[in-house]
Protein chains: 2
Amino acid sequence: MAPRPSAPADPDLPDVPGHVEVVRRFNRSYTQRIGVLDDSFLGLGMPLGTARLLYEIGVQAGTTRDLRARLQLDSGYLSRLLRRLESDALVSVEPDPDDRRRRRVDLTPAGRRAWDELERRSGERARHLVAPLTERQRDRLAAALAEADLLVRAATVEIEQVDPTDPAALAAVRAYVDELDERFPGGFAVGDLTAGTEGLRPPDGAFVVATSDGVPVACGGVQPLGGGVGEIKRMWVHPQWRGAGLGSRLLRHLEGVAADLGHTTVRLDTNGTLTEAVAMYERAGYRAVDRYNDNPHATHFFAKRLRRTG
Amino acid sequence: MAPRPSAPADPDLPDVPGHVEVVRRFNRSYTQRIGVLDDSFLGLGMPLGTARLLYEIGVQAGTTRDLRARLQLDSGYLSRLLRRLESDALVSVEPDPDDRRRRRVDLTPAGRRAWDELERRSGERARHLVAPLTERQRDRLAAALAEADLLVRAATVEIEQVDPTDPAALAAVRAYVDELDERFPGGFAVGDLTAGTEGLRPPDGAFVVATSDGVPVACGGVQPLGGGVGEIKRMWVHPQWRGAGLGSRLLRHLEGVAADLGHTTVRLDTNGTLTEAVAMYERAGYRAVDRYNDNPHATHFFAKRLRRTG
DNA sequence: CCATACCTCTGATCATAGTCAGAGAATTTC
DNA sequence: GAAATTCTCTGACTATGATCAGAGGTATGG
């Protein structure tokens, strides 16, 4: 159990460990110190599970069904926990007006106070960790954790194929066109988002949404242009997620989808204003081609030949 | 529960969060994904606590007493867990020859195989996390986690006052003189480490050791020079821990100790070969002074006036 | 309007985690 | 060598986490 903190400042260390080793060492040392169980949930006079449920309700109230999915709980178990919180007057449970089989759960004022206390403790714990560090070290720690957080989130993003009119898809596309409208000098006419989505669904097209914690963070689609050519459309990455390689990953994924749909080449158009996107396409092996459509907002056109799969 | 991954690449983010917020956000997202409970302990047909004990024994065999201290377990509980592992032929428990009240615990060959399986799963988990990332992203993640690991460890180092002949103190001092011997052009005569330690214990002196997970990572002492002057001696930081500010923290600590001992000024000598040390002293507000002793290895001499405390 | 599916809750049950008091063996102290 | 201490283990007990089957209310599709 010798500590091997592997100072990153010293590249001459004899045993530069692999990625997996670094992750494992970090897991071990971090969880030991921060408390894997996040002990801040303890000590409020209620068991861990109950506190965790209370916390989750405070983060986002919802139906018992939501909570069950978010916390991965058995319905009977959840019911019992709720009853306990209810009898302590920390939460209110009422039938959902929309579907009276379901029940809506929310915090009472007393519950909100208990939740605030959980928050306070959790903050206290974090404050205690950084307390012995100098300001410069805290900055370094914060930067390192933020970087790790971004990458870990990016690594665990889930990419799912959905219908282009799916609520999650529309939410992502709305963010996409809003951003275009903002960045294009002349603006971008935001019309009906469901228009022109025919080609983006099977059997010849597809649309995917990448979500993190259920929140859409990126999207993109493939539609057929005929002649074994697919076109990548509506590709977008949440601004706060840029720089984490999510775009490249999504692009690779869409290329795979296009290949599965039988396309041998993909094309796409974009606007020179979106500098990050242009750079990414070039990095991903796309080559500039002549204009192949009359999209008034497009200034750059790219194509890439797909390697055959399966 | 909106995700705010705060891309570090974008310094213009409107809501740059404080250190505590970053730590908390990271805690939440990381533990959710990596599994606070380190689920790799599960699924071997034994409960979590048993698996954790098995793992700990595999990392470092020892007496039940050691294990109890390391895992913070009740003696009765530990006894029961051991009996279970013993009945599964995973560990052997035998009386300690040195003190037959104690019992030594070690893995059997079957236990070692089970332990290897735990290791494999844990690695699998880490591999799974980094799998979706590109090589460059993995490097970034590894660097960020290593940096965070170093700083978190540094923040949780425990500084304790011990006798200068304490085993932990001697281990640290041995590493110190070995390093001097290696770095000094003419070598450094390593004599009896307990010699010259009289001044490093109360009531006029002190010696402290900084440990992480029970392993000495830094040390230093204060001895009286008379006339309200204390001298800082034998200050050393483990090579792998340099660059984490542990030296500065230890130095601050020793200044506090010196002040508590009634000294108003501290002096120290060092060798120009130890460039990091010289830089650190200057950063900490030490000013160069004339040679005040005949230490043949010393080339630089520093002093600092202490602010009054209490 | 009937069958079916969905949703929550209750009762029953179980394993695990964890605590406490004290028996009994080994060691140290006086 | 007796007394006090240290150490492990057993028995007794509690709470928590978790699962399963089924009752009974509510919605939906034909």
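Residues numbered from 1 in each chain as written. Chains lettered and ligands numbered in written order. Predicted model: local features only at pLDDT ≥ 70, side-chain atom pairs only at ≥ 80, totals over all residues. Heavy atoms only, no water.

(A) Just the overall build of chain A, in detail. Assigned secondary structure in chain A consists of nine helices and ten strands. Residue pairs at least 24 apart in sequence account for 58% of intrachain contacts in chain A once pairs closer than 6 positions are excluded. With an accessible surface of roughly 15,300 Å², chain A has 49% of that area assigned to carbon and sulfur atoms. (Helix = DSSP H or I, 4+ residues; strand = E, 2+ residues; numbered from the N terminus. Contact = heavy atoms within 4.5 Å. Areas by Shrake-Rupley, 256 points an atom, 1.4 Å probe, with all protein chains shown as cover.)

(B) Looking closely at the sheet that holds strand β3 (residues 103–107) of chain B. Pairing within the open sheet is antiparallel, and its three strands lie in the order β1-β3-β2 (chain B). Since the sheet does not close on itself, it has two edges, and those belong to β1 (62–63) and β2 (91–95) of chain B, each with one partner. (Pairing = 2+ DSSP bridges.)

(C) Local environment of unusual backbone geometry. For A:Gln72, which is not glycine, the phi dihedral falls at a positive 60°. Mapped onto the secondary structure, A:Gln72 falls in the loop between α3 (64–71) and α4 (75–87). Even without being glycine, B:Arg234 reaches a positive phi, approximately 55°. Residue position: B:Arg234 is located in strand β7 (residues 229–237). For B:Arg234, a relative accessible area of 16% translates into the label buried. (Buried < 20%, exposed > 50% of the residue type's maximum accessible area, 1.4 Å probe, protein only.)

(D) Up close: the environment of A:Leu268. Residue and element names in this part refer to chain A. Note on placement: leucine 268 falls in strand β8 (residues 265–270). What makes leucine 268 buried here is its relative accessible area of 1%. Expressed as a C-alpha distance, the spacing of leucine 268 and glutamate 231, which sit 37 residues apart in the sequence, is 5.5 Å. Beyond its immediate sequence surroundings of up to four residues, leucine 268 is in contact with Glu231, Ile232, Leu251, Tyr281, Tyr286, Tyr292, His300, Phe301 and Phe302.

(E) Spatial organisation of the side chain of B:Thr63. Within the element layout of this structure, B:Thr63 appears in strand β1. Accessibility expressed as a relative area gives 6% for B:Thr63, which makes it buried.

(F) Representation of the packing of aromatic side chains within the structure. Residue and element names in this part refer to chain B. Taken as a whole, this structure holds eight aromatic pairs over all chains when the rule is applied. Ring centres of tyrosine 292 and phenylalanine 301 lie 5.5 Å apart, and the angle between their planes is 75°; on these two criteria the pair is classed as edge-to-face. Overall, phenylalanine 301 belongs to the buried group, its relative accessible area being 5%. It is arginine 112 that lies over the ring of tryptophan 115; its NZ or CZ is 4.9 Å from the centre. (Phe/Tyr/Trp six-rings, centres within 6.5 Å; stacked < 30°, edge-to-face > 60°. Lys NZ or Arg CZ within 6 Å of the ring centre and 35° of its normal.)

(G) Looking closely at the packing of α3(A) against α4(A). All names here are of chain A. Orientation of α3 relative to α4, taken along the N-to-C sense of each, is 115°, at an axis distance of 10 Å. Considered as vectors, α3 and α4 are oriented roughly perpendicular to each other. Crossing of α3 over α4 shows right-handed handedness. Every residue of α4 that contacts α3 at Thr64, Leu67 and Arg68 is listed here: Ser75, Leu78 and Leu82. Tallied by class, the residues present in the contact of α3 with α4 amount to three nonpolar, two polar and one charged. (Axes fitted to C-alpha atoms, helices over the stretch in contact; angles between N-to-C directions. Parallel < 35°, antiparallel > 145°, perpendicular 65-115°, else oblique. Left-handed = near helix turned anticlockwise from the far one by under 90°. Nonpolar A, V, L, I, M, F, W, Y, C, P; charged D, E, K, R; others polar.)

(H) Main features of the confidence of the model for chain A. When pLDDT is averaged along chain A, the result is 81, and 85% of the positions lie at 70 or above. Here residues 1–17 of chain A scores under 50 on pLDDT; set against residues more than four positions off or in separate chains, the count is 31 contacts. (pLDDT = per-residue confidence, 0-100.)

(I) Up close: the protein's contact with DNA strand D. Looking at DNA strand D, there are 20 residues lining it, with A:Arg100, B:Thr64, B:Arg68, B:Arg80 and B:Arg103 nearest. Contact distances for DNA strand D include 2.3 Å between a phosphate oxygen and a side-chain N or O atom of B:Arg103. With five residues, helix α4 (residues 75–87) of chain B is the single largest residue contributor to the surface near DNA strand D. In the surface near DNA strand D, the residues fall into three nonpolar, five polar and twelve charged. (Near = heavy atom within 4 Å. Polar contact = N/O pair within 3.5 Å; in protein donor to acceptor, adjacent residues only side chain to side chain.)

(J) Looking closely at the packing of helix α2 (residues 48–59) of chain B against α4(B). Residue and element names in this part refer to chain B. For the pair α2 and α4, the least separation of the axes is 10 Å and the interaxial angle reads 80°. By the angle between their directions, the pair α2 and α4 is classed as roughly perpendicular. Here Gly49, Thr50, Leu53, Leu54 and Ile57 of α2 come into contact with α4, specifically with Leu78, Leu81, Leu82, Arg84 and Leu85. Across the contact of α2 with α4, the residue classes tally to seven nonpolar, two polar and one charged.

(K) Fine view of the pattern of salt bridges. Applying the stated criterion across every chain, the model contains 24 salt bridges over all chains. With its nearest N and O atoms 3.3 Å apart, the salt bridge here joins B:Arg70 to B:Glu56. With B:Arg70 in helix α3 (residues 64–71) and B:Glu56 in helix α2, this pair connects stretches of sequence that are 14 residues apart. For B:Glu117, the salt bridge is made with B:Arg120, and the minimal N-O distance between the two is 3.1 Å. Of the two residues, B:Glu117 and B:Arg120 both sit in helix α5 (residues 109–130), three residues apart, roughly one turn of that helix. A relative accessible area of 24% means that B:Glu117 is categorised as partly exposed. Judged by its relative accessible area of 44%, B:Arg120 falls in the partly exposed class. In this structure, a network of salt bridges that share partners links the residues A:Asp99, A:Arg101 and A:Arg102. (Salt bridge = Lys/Arg side-chain N within 4 Å of Asp/Glu carboxyl O.)

(L) Highlighting the pairing of β8(A). Residue and element names in this part refer to chain A. In terms of residue burial, β8 counts as a mostly covered element, since five of its six residues are buried. The sheet contact formed by strand β7 (residues 229–237) and β8 spans three bridges and is parallel. Its bridge partner lying in β8, glycine 230 is registered against valine 266. The β-α-β motif built from β7, the intervening helix α8 (residues 246–260) and the parallel element β8 has right-handed crossover chirality. Taken together, the six bridges between β8 and strand β10 (residues 300–305) define a ladder with antiparallel strand orientation. Within β10, the position partnered with valine 266 by the bridge is lysine 304. (Right-handed = clockwise from strand over helix to strand, strands pointing away.)

(M) Up close: helix α5 (residues 109–130) of chain A. In this model α5(A) runs 32 Å from its N-terminal to its C-terminal C-alpha over 22 residues, within 8% of the 32 Å that 1.5 Å per residue would give. If you check which residues of α5(A) are buried, you get A:Gly111, A:Ala114, A:Trp115, A:Leu118, A:Ser122, A:Gly123, A:Ala126, A:Leu129 and A:Val130. (Expected span 1.5 Å × (residues − 1).)

(N) Here's a closer look at the protein's contact with DNA strand C. A:Thr64, A:Arg80, A:Arg83, A:Arg103 and B:Arg100 are the nearest of the 21 residues found near DNA strand C. Backbone atoms, meaning sugar plus phosphate, form 75% of the atoms of DNA strand C positioned within 4 Å of the protein. Here a sugar or linking oxygen of DNA strand C sits 3.3 Å away from a polar atom, N or O, in the side chain of A:Arg101. Contributing elements (two or more residues each) for the surface near DNA strand C: α3 and α4 of chain A together with α2 and α4 of chain B.

(O) Just the sheet that holds strand β6 (residues 215–226) of chain A, in detail. Residues and elements named next belong to chain A. If you walk across this open sheet you meet the seven strands as β4-β5-β6-β7-β8-β10-β9, and the pairing is mixed. Only two strands of the sheet have a single neighbouring strand rather than two, namely β4 (158–162) and β9 (287–288). With seven bridges connecting them, β6 and β7 associate as antiparallel partners. Bridged to alanine 218 within β7 is valine 237. Against the sheet, α8 engages β4, β5 (206–212), β6, β7, β8 and β10, with an angle of about 35° to β6.

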